[in-house]
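# Structural features, examined
Below, each chain spelled out in residue letters.
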Amino acid sequence: MQFISRYPSLDPRLYHPQLPRPLIGAKAGHFNHALADELNWSAEEKQQWVEICSGQKTFAEFNPLAMVYAGHQFGQWAGQLGDGRGLLIAQVQARNGQVIDLHLKGAGKTPYSRMGDGRAVLRSVIREYLAGHALTALGIPSSNAVGFTTSTQPIQRESMEMGAMMLRSSDSHIRLGHFEWINQYAPDLLPEFVQQCITWHYPECLTAEQPILAFAEQVIKRTACMIAKWQLCGFAHGVMNTDNLNITGSTLDFGPYGFMERFRPNWINNHSDHHGRYSYQQQPSVGHWNLWVWLNNLIPLASAEDKEHFKQQLAECLKHFETSFVEHYRIGMCEKMGLPAFHKDSFDCALAFLNILQSEQLDYSQSFIRLQQQDYTALRDDCLNLRQFDDFLSLFQQIRQHLDPDSLDALDTAMQQANPRYILRNHMAQTAITLAEQGDFSEVERLFQLLSQPYSHQKERERSADIGPLASDQAEVMVSCSS
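Residues numbered from 1 in each chain as written. Predicted model: local features only at pLDDT ≥ 70, side-chain atom pairs only at ≥ 80, totals over all residues. Heavy atoms only, no water.

## Some details on the UniProt feature "binding site: ATP" (unreviewed entry) in the protein
Filter applied, for reference: UniProt positions are given in the numbering used here, feature names are shortened, and annotations may be inferred rather than shown by experiment. Helix and strand definitions here come from DSSP, where helices need a minimum of 4 consecutive H or I residues and strands a minimum of 2 consecutive E residues; each element is numbered from the N-terminal end. Should any heavy atoms of two residues lie within 4.5 Å, those residues are considered in contact. Pairing of N or O atoms within 3.5 Å defines a polar contact, subject to two protein rules: one partner must be a possible hydrogen donor and the other a possible acceptor, and residues neighboring in sequence count only if both atoms are side-chain atoms. Residue burial is assigned from relative accessible area. The probe radius is 1.4 Å, only protein chains are included, and a residue is buried under 20% of its type maximum, exposed over 50%, and partly exposed in between.
Taken from the UniProt record, the annotation "binding site: ATP" (unreviewed entry) applies to Gly 82, Gly 84, Arg 85, Lys 105, Asp 117, Gly 118, Arg 168, Arg 175 and Asp 253. Following the sequence through the fold, Arg 168 ends up in strand E10 (residues 160–170). Sequence-distant contacts of Arg 168, defined by excluding residues within four places in its chain, comprise Asp 101, Leu 102, His 103, Lys 105, Glu 128, Ser 143, Asn 144, Ala 145, His 173, Arg 175, Leu 252 and Asp 253. Of note is the side chain of Arg 168, whose polar atom sits 2.9 Å from the side chain of Glu 128. Using a relative accessible area of 1% as the deciding quantity, one classes Arg 175 as buried. Leaving out residues up to four positions away in the same chain, Arg 175 has contacts with Tyr 69, Asp 83, Arg 168, Thr 242, Asp 243, Asn 244, Leu 245, Asn 246, Ile 247, Leu 252 and Asp 253. Among the polar contacts made by the side chain of Arg 175, one reaches the main-chain carbonyl oxygen of Asp 243 at a distance of 2.7 Å.

## With respect to unusual backbone geometry
At Arg 114, a residue that is not glycine, the phi angle is positive and equals roughly 55 degrees. Looking at the element boundaries, Arg 114 is found in the loop between strand E7 (99–105) and strand E8 (120–121). Despite not being glycine, Gln 374 has its phi angle at roughly 55 degrees, a positive value. Mapped onto the elements, Gln 374 comes out in the loop between helix H11 (364–372) and helix H12 (376–381). Taking the relative accessible area as the measure of exposure, Gln 374 reaches 46% and is therefore partly exposed.

## Section: the packing of helix H15 (residues 426–436) against helix H16 (residues 442–452)
Note the following rule: To get an axis, a line is fitted to the C-alpha atoms, and for a helix only the part in contact is used. The angle between two axes follows their N-to-C directions and goes from 0 to 180 degrees. Each residue is assigned to one class: nonpolar for Ala, Val, Leu, Ile, Met, Phe, Trp, Tyr, Cys and Pro, charged for Asp, Glu, Lys and Arg, and polar for all the others, Gly among them.
Orientation of H15 relative to H16, taken along the N-to-C sense of each, is 145 degrees, at an axis distance of 8 Å. Listed contacts from H16 to Met 428, Ala 429, Thr 431, Ala 432 and Leu 435 of H15 are Glu 443, Val 444, Leu 447 and Leu 450. Across the contact of H15 with H16, the residue classes break down as seven nonpolar, one polar and one charged.

## Quick word on the packing of helix H9 (residues 307–337) against H11
The line we're drawing: Comment on the angle field: the value is read as roughly parallel under 35 degrees, roughly antiparallel over 145, roughly perpendicular from 65 to 115, and oblique elsewhere.
Running from N to C, H9 and H11 point in directions that differ by 55 degrees, and their axes come no closer than 9 Å. As the angle between them shows, H9 and H11 are arranged oblique. For the pair formed by H9 and H11, the contact residues are Met 333, Lys 336 and Met 337 on the first element and Tyr 364, Phe 368 and Leu 371 on the second. A per-class count over the contact of H9 with H11 returns five nonpolar, no polar and one charged.

Okay, structure coming up:
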């Protein structure tokens, strides 16, 4: 690997140097060969992946560290937080030239663990490992993982579980909560910290007339785009605290996430979220709120005489969130429908289809696949309100019938690339977890391969449980923040 040590160059108040604490009896779980290749792992490093992904081997070129940050959790100020069970163990240059963080999760207690034990369990590690892989394959900016290991060491949660570690990769682990911690506990660091964030992640903003405002605008736009892509694929993060969103608009910190099956906009996938703050339909508004909190932490960068004007300029930056989100979502939804984005009725037609999915409680992903395959009869047969479906289909066909063959071909191609046949349903992940806890990682491997090509029909690999929700008389798999 080619090491690029950026974060350790920051003020030492922002992190705590610490070696990982390996688990007892580390064993191989799963290794992401393709990602290791992208990150320029040598043949020797690949051979040592179990030692690296279990914290037994670190690198002379980078001293592992735990980051400190703060945040708002469920809308309330939570004070100082930080890497309570994870360590940044390297920053490396990928083949495409991008600098990538390698973050070891489950690496033991740090000064920021609070009441936690600093560990992760196999259940949560497998869920995060597969989720990052799934989102990446769907083209959604996300952390990913090089591999995970299990162990013979038991970890106490609601019951005793198997301890595990995962080596996560991300383009940045700098969170909105970093700025909150600095303003609360070390305000003198803010100018230099922001300057480094711009230099490392948004160098194009350095030449802007007002680099800080340009930086803010880009963070807002990238976050809006990420959340629009979540909505389009039916992904619910589950715990969108300010410390769980980073500055590059890539998905981070999978906890009680879920991919929506039957279309329910008010779906709460985290059973600890008693008020539905982080339900699927709330994600855009919560993202907007989080960015508003973040922008307030940039205000001290203004001079005393310019503070009010700077506040107004930051407020103007925030207006980009709604316009960016709506534009990405509108275009993306038209692609999923196979309709031209320029047509005045296309988005209304898409909303009419979503209304059908909601009222009839149809599977979100598979309904779009049926529409893509022009299997209108099967869709109609699943509906009780036939008039509602017929009205939708009439509008849908009316929009498409006036298009020339080349335009239709282009729309159909885009439609195939916008509608995944395979998503990571909670019951799929649970089956893999159950087998893995018995020492069988074959289902993790099958799902890893299946989710690598989510838009392609994989007849030999596919199982019936992969392409539909559980029967209505079976209990939904629920997930909590416990991991």
